[in-house]
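Below, each chain spelled out in residue letters.
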Amino acid sequence: MVLYDSATLGGSCSGSSSSSSSSKPPPLQQRQQKQQDIDGFLAGAGYRVRSSELRKVAQRLERLETAMVNSPADLSQLASDTIHYNPSDLASWVDSLLSELTQPPTCPSEFIMDPVSNQTVVSDAWTTAEPHMPQVHQNISYEQQSLNNQLTVVPAMEEDSGIRLVHMLMTCAECVQRGDFSLATSCLEDMQGLLTRVNTVCGIGKVAGHFIDALSRRIFQGIGGGSVNGGSAYENELLYHHFYEACPYLKFAHFTANQAILEAFDGHDCVHVVDFNLMHGLQWPALIQALALRPGGPPLLRLTGIGPPSPDGRDSLREIGLRLAELARSVNVRFAFRGVAASRLEDVKPWMLQVNPKESVAVNSIMQLHRLLGSDPNRNSPIETVLSWIRSLNPKIMTVVEQEANHNQPGFLDRFTEALHYYSTMFDSLEACTVQPNKALAEIYIQREIANVVSCEGSARVERHEPLSKWRTRLSGAGFRPLHLGSNAYKQASMLLTLFSAEGYSVEENDGCLTLGWHSRPLIAASAWQAVSDGTADFPA
Amino acid sequence: MARSNEVNLNECKMVVPLNTWVLISNFKLAYNLLRRPDGTFNRHLAEFLDRKVPANANPVDGVFSFDVLIDRGTSLLSRIYRPTTAEEPQPNIAELEKPVTAAVVPVIIFFHGGSFTHSSANSAIYDTLCRRLVSLCKAVVVSVNYRRAPENRYPCAYDDGWTALKWVNSRPWLQSQKDSKVHIYLAGDSSGGNIAHHVALRAIESGIDILGSILLNPMFGGQERTESEKRLDGKYFVTLRDRDWYWRAYLPEGEDRDHPACNPFGPNGRSLEGIKFPKSLVVVAGLDLIQDWQLAYVEGLKKAGQEVKLLYMEQATIGFYLLPNNHHFHTVMDEISKFVSSDC
């Protein structure tokens, strides 16, 4: 099956460069580069260096080389022990190495999964010498990654029917966008027919089937869509759990966020984690154990878990809380849990979280923020409201994991095309998982997302994924600045992948954030943020 | 006589523009951190530090790209770069593999450099280079993401190159209209140049037609220490020690540098006399310490009666073709363009 990256190809103009000279970035990026006097050639190689600083960077490189030559240390060991951040910012990377070479190596806390017991253990590294936290370089990201840049990866076409299916899906979506429902309906019929001749167990046939269903739903039920996410909270949690088991995306999210939270909490004795979507609390045992093993002892940990209210009188949030408390007790971590039941994140008010001013707060959002992007012209945008109260909590860190996709474009065809690529890549990656019923239920989990993206509108459409570049702008504009995820987090994530998953997954560093993808197409992006302390919003450079 | 680790910073700063010096020095120092004395490689850190770019199906300066999985078993990806045409300035998503329309379209199979160990097809520097090749030669470029050492030794890189060649040769949509054949060129820099040579050899043996081979600073070597190696060791970003490390990482364990992969015309090599080897364009940088091996390669081809053009760029260092800020770059690009278009 061949599927190519959409990058808004299907319809509207997407701002491709109109310049005539060699390989220049899209116009907006160019302007920004010019304004900041960034060397264009080095930018093409992926490095941000101001032309006016070239000489200084060169001198630093010279000093670094001399330091390396004269260093008695085993350089490769030093390199392993050091945490590197944001290599695109060449000047600061060189500086950080220079300072490493002139002081003892750092001993960062590290998460590792013990392959035998399947539990996270904290590495020995920091039980040796006096640990001190590595420098965190707070670099504001200048560039705005073009929204058009998306990865395209696909296996070579296996049969013509696959190509035809793709063509027909696009045609159908185009009809829907134009409002030509009778033509769209006949397209649907043709596609159903074609499906019978295509292998629907895997590949294009499988994902095409879900898209055909979603299109049918849209055409015949209208965009209220019926209740796509109509499953009960229990069902949703079940599907989520199987998605967690079947592929590494959620494990990566939890792992990366926990690593960042652990580092942010270093040296703090009263810490409070606010989880925007508790589910079964799968993320937290690892953090509790890591805190237990912290040198100097664990802090007092409070966890506030937000989740939908339970319909049947059960307090499922509390049940999860009790289990986590039990675990915490067994490892001697003082722990308190609070559940906040809310059907929508925007219904949560900061006072419900009962944050104590003396606590260090971590806000953890795994695939929740995009749900706040639905626009209702009559109200304040929910995302702004929520980001604003998060900021008012002055969290030490806010960890954000989101799908790396552009599923919130206004044009239906654009969204459809993008989703077709994104979800076929994701389904492709699922093929690597053979364990049932994880795989089958994980597919249903993903299928529900597809249905929401394709067949819903307005407030019913909650799967409004936006790419990292957009989140960067949004969060910077709301008064947050990035905390960069470094090479230690990268390495742990890569190791996690080798332990748990098939070949084909890849972790990439992207300007201080980490992405996990399949065959070089990023599918999920993890980032960390901190409120800018001066009380005013940080405008993007 | 310069010792390997004597650093002669001033000399190399004189011959390259400052931004080139910064770029290549950065690579040099980063790579020093990644190679371990025991022959293992810090792959995680390498991938973290490597600046990568995604494929972009939206044309930028008339070139668009997309990634294709050529072989599932080895996760062999390639990035395909295509020029837009006047009739089709904006490619359709379902038609990225639309047949080429011109009478003759050169298809350049490109192997990126990195001494068999570093970089990927989606490394920023190589993405940029491949895009330039498309515009320059009005070609389709297929950049192969071959498996790297030390995790994957000889002959993995050659096997992957061969797989890619077969794939390219069998794509109907890459056939030139004139003769319904795919017009294939092989190209590569550093280790990629070495791979291009060996893939060409396999092609000849299997009857696939290669129209030409472009070798940019190809990576060759041998047991002996040549004059250029001794003279230039450590002077222009590269040391003998690091060259040795990469060969030890790529060649089968226990083999020395006279292995034919490294030294194709050496004591264990074979003569190409009587073989219909494709014409070659070999670019040698005058400040590259392995130039004696590269020149020996050219001699080897000539002695076997093969067509080869040598471009000796006296004041050029390694990596000169990465940034278009020097005249060597433009000279070489012109020659490449002529080399590829001479079959039209």
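All values derive from a computational prediction rather than experimental measurement.

Calculation rules
Residues numbered from 1 in each chain as written. Chains lettered and ligands numbered in written order. Predicted model: local features only at pLDDT ≥ 70, side-chain atom pairs only at ≥ 80, totals over all residues. Heavy atoms only, no water. Helix = DSSP H or I, 4+ residues; strand = E, 2+ residues; numbered from the N terminus. Buried < 20%, exposed > 50% of the residue type's maximum accessible area, 1.4 Å probe, protein only. Contact = heavy atoms within 4.5 Å. Areas by Shrake-Rupley, 256 points an atom, 1.4 Å probe, with all protein chains shown as cover. Lys, Arg positive; Asp, Glu negative; His and termini not counted. Charge placed at Lys NZ, Arg CZ, Asp CG, Glu CD. UniProt positions renumbered as here; feature names shortened; annotations may be inferred. Expected span 1.5 Å × (residues − 1). Polar contact = N/O pair within 3.5 Å; in protein donor to acceptor, adjacent residues only side chain to side chain. Axes fitted to C-alpha atoms, helices over the stretch in contact; angles between N-to-C directions. Left-handed = near helix turned anticlockwise from the far one by under 90°. Nonpolar A, V, L, I, M, F, W, Y, C, P; charged D, E, K, R; others polar. Domains from an automatic or database assignment. Buried area = accessible area lost by both parts, 1.4 Å probe. Salt bridge = Lys/Arg side-chain N within 4 Å of Asp/Glu carboxyl O. Pairing = 2+ DSSP bridges. Right-handed = clockwise from strand over helix to strand, strands pointing away. Core = buried A, V, L, I, M, F, W, Y, C linked by side-chain atoms within 4.5 Å. Phe/Tyr/Trp six-rings, centres within 6.5 Å; stacked < 30°, edge-to-face > 60°. Lys NZ or Arg CZ within 6 Å of the ring centre and 35° of its normal.

Undergrad: I would appreciate a short explanation of the overall build of chain A in the present structure.
TA: In terms of regular secondary structure, chain A is built from 17 helices and 12 strands. A burial count over chain A gives 58% of its 541 residues as buried. Once local pairs closer than 6 in sequence are excluded, the contacts in chain A between residues at least 24 apart make up 77%. For chain A, the exposed surface amounts to about 21,200 Å²; the carbon and sulfur share of it is 51%.

Undergrad: Help me understand the overall build of chain B, please; the structure alone is not making it clear to me.
TA: Scanning chain B from terminus to terminus reveals 10 helices and eight strands. C-alpha atoms of chain B, sized along the principal axes, occupy 60 × 45 × 40 Å. A burial count over chain B gives 65% of its 344 residues as buried. The contacts in chain B between residues at least 6 apart in sequence include a share of 76% that link residues at least 24 apart. Of the roughly 11,900 Å² that chain B leaves accessible, carbon and sulfur atoms contribute 50%. Within chain B, one finds 38 positive and 39 negative side-chain charges whose respective centroids are separated by 2 Å.

Undergrad: Hey, could you run me through the UniProt feature "active site" (unreviewed entry) in chain B in this one?
TA: All names here are of chain B. The residues that UniProt annotates with the feature "active site" (unreviewed entry) are Ser-190. Here Ser-190 lies in the loop between β5 (183-189) and α6 (191-206). Once you skip the residues sitting within four places of it in the chain, Ser-190 turns out to touch Gly-113, Gly-114, Ser-115, Leu-216, Asn-217, Pro-218, Met-219 and Tyr-321.

Undergrad: What is the right way to look at helix α3 (residues 54-70) of chain A in this model?
TA: Because each turn of an α-helix spans 3.6 residues, side chains separated by three or four positions end up pointing in the same direction. For α3 of chain A, which comprises 17 residues, the first-to-last C-alpha distance of 24 Å matches the rise-based estimate of 24 Å (1.5 Å per residue) to within 8%. The complete set of buried residues in α3 of chain A reads Leu-54, Val-57, Ala-58, Arg-60, Leu-61, Glu-62, Leu-64, Glu-65 and Met-68 of chain A.

Undergrad: Where do I start with the side chain of His-259 of chain B in this structure?
TA: Checked against the element boundaries, His-259 of chain B lands in the loop between α8 (240-250) and β7 (280-285). In this structure, His-259 of chain B is in contact with Tyr-154, Leu-251, Pro-252 and Asn-268 of chain B, ignoring residues within four places of it in sequence.

Undergrad: I would appreciate a short explanation of α8 of chain B in the present structure.
TA: Within α8 of chain B, nine of the 11 residues are buried, which leaves it mostly tucked inside the rest of the structure. Within α8 of chain B, the full set of buried residues consists of Leu-240, Asp-242, Arg-243, Asp-244, Trp-245, Tyr-246, Trp-247, Ala-249 and Tyr-250 of chain B.

Undergrad: Which parts of the structure should I look at to understand the side chain of Lys-279 of chain B?
TA: Residues and elements named next belong to chain B. Residue position: Lys-279 is located in the loop between α8 and β7. Overall, Lys-279 belongs to the buried group, its relative accessible area being 13%. Separated by 3.0 Å, the side chain of Lys-279 and the backbone oxygen of Phe-339 make a polar contact.

Undergrad: How should the packing of helix α9 (residues 233-246) of chain A against helix α15 (residues 438-455) of chain A be read in this particular structure?
TA: Any two packed helices are characterised by how steeply their axes cross, that is the angle between the axes, and by the distance between the axes. Residue and element names in this part refer to chain A. Contact geometry of α9 with α15 gives a least axis separation of 8 Å together with a crossing angle of 115°. Like other packed secondary-structure pairs, α9 and α15 cross with a definite hand, here left-handed. Of the residues in α15, those touching α9 at Glu-235, Asn-236, Leu-239, Tyr-240, His-242, Phe-243, Glu-245 and Ala-246 are Asn-438, Lys-439, Leu-441, Ala-442, Ile-444, Tyr-445, Ile-446 and Arg-448. Partitioning the contact of α9 with α15 into residue classes produces nine nonpolar, three polar and four charged.

Undergrad: Quick question: what am I supposed to make of the UniProt feature "domain: Alpha/beta hydrolase fold-3" (unreviewed entry) in chain B here?
TA: Residues annotated by UniProt as "domain: Alpha/beta hydrolase fold-3" (unreviewed entry) correspond here to residues 108-321 of chain B. Overall, residues 108-321 of chain B shows 35% helix and 15% strand. The separation of its end C-alpha atoms is 17 Å.

Undergrad: I'm lost on the domain arrangement of chain B in this one. Help?
TA: How large an interface is tends to be reported as the accessible area lost when its parts come together. All names here are of chain B. Each domain of chain B was delimited in the assignment, giving domain 1 (10-52 + 97-119 + 145-284 + 300-342) and domain 2 (55-84). Domain 1 and domain 2 are separated by 20 Å when their C-alpha centres are compared. Of the roughly 890 Å² buried between domain 1 and domain 2 on both sides combined, carbon and sulfur atoms contribute 67%. Considering only the surface of domain 1 that becomes buried against domain 2, Asn-145, Trp-167 and Trp-173 emerge as the three largest contributors, covering 48% of it. At the junction of domain 1 and domain 2, the tally comes to zero salt bridges. Summed over the shared surface of domain 1 and domain 2, the number is two residue pairs in polar contact (both at pLDDT 80 or more).

Undergrad: Explain the pairing of β5 of chain B here, please?
TA: Put simply, side chains in a regular strand alternate between the two faces of the sheet. Residues and elements named next belong to chain B. Counting buried positions over the seven residues of β5 gives seven, a clear majority of the element. Neither face of β5 is open: one carries His-183, Tyr-185, Ala-187 and Asp-189, the other Ile-184, Leu-186 and Gly-188, and all of them are buried. Taken together, the six bridges between strand β3 (residues 106-111) and β5 define a ladder with parallel strand orientation. Counted as the bridge partner of Ile-109 is Leu-186 from β5. Of the strand pairs in this sheet, β5 and strand β6 (residues 212-216) are connected by five bridges, and their pairing is parallel. Bridging across to β6, Asp-189 finds its partner in Leu-216. Crossover β5 to β6 through α6 is right-handed.

Undergrad: How should I be thinking about the nonpolar core in this particular structure?
TA: The nonpolar side chains of soluble globular proteins are, as a tendency, buried together. Ranked by internal contacts, the top residues of the largest apolar core, which has 234 residues, are Phe-211, Leu-215, Tyr-249 and Phe-416 of chain A together with Ile-336 of chain B. Residue contacts for Leu-215 of chain A: discarding those within four places in its chain leaves Leu-169, Cys-172, Ala-173, Val-176, Leu-188, Met-191, Phe-412, Phe-416 and Val-454 of chain A. Counting residues in each nonpolar core, the second largest holds 27 residues, with Leu-353, Leu-372, Ile-383 and Val-400 of chain A among its members.

Undergrad: Could you clarify how one ought to interpret the packing of aromatic side chains in this entry?
TA: Each aromatic ring pair is summarised here by two numbers: the centre-to-centre distance and the angle between the ring planes. Residue and element names in this part refer to chain A. Taken as a whole and assessed by the stated rule, the structure comprises 26 aromatic pairs over all chains. Between the aromatic rings of Tyr-505 and Trp-518, the centroid separation amounts to 4.9 Å while the plane-to-plane angle is 70°, which identifies the pairing as edge-to-face. Of this pair, Tyr-505 sits in strand β10 (residues 505-510) while Trp-518 is found in strand β11 (residues 513-518), placing the two residues 13 residues apart along the sequence. With respect to burial, Tyr-505 and Trp-518 carry one shared label: buried. An aromatic cluster is present here, built from Tyr-240, Phe-243, Tyr-249, Tyr-445, Tyr-505 and Trp-518 joined pairwise through their rings. Sitting over the face of the ring of Trp-471, Arg-474 holds its NZ or CZ atom 5.4 Å from the ring centroid.

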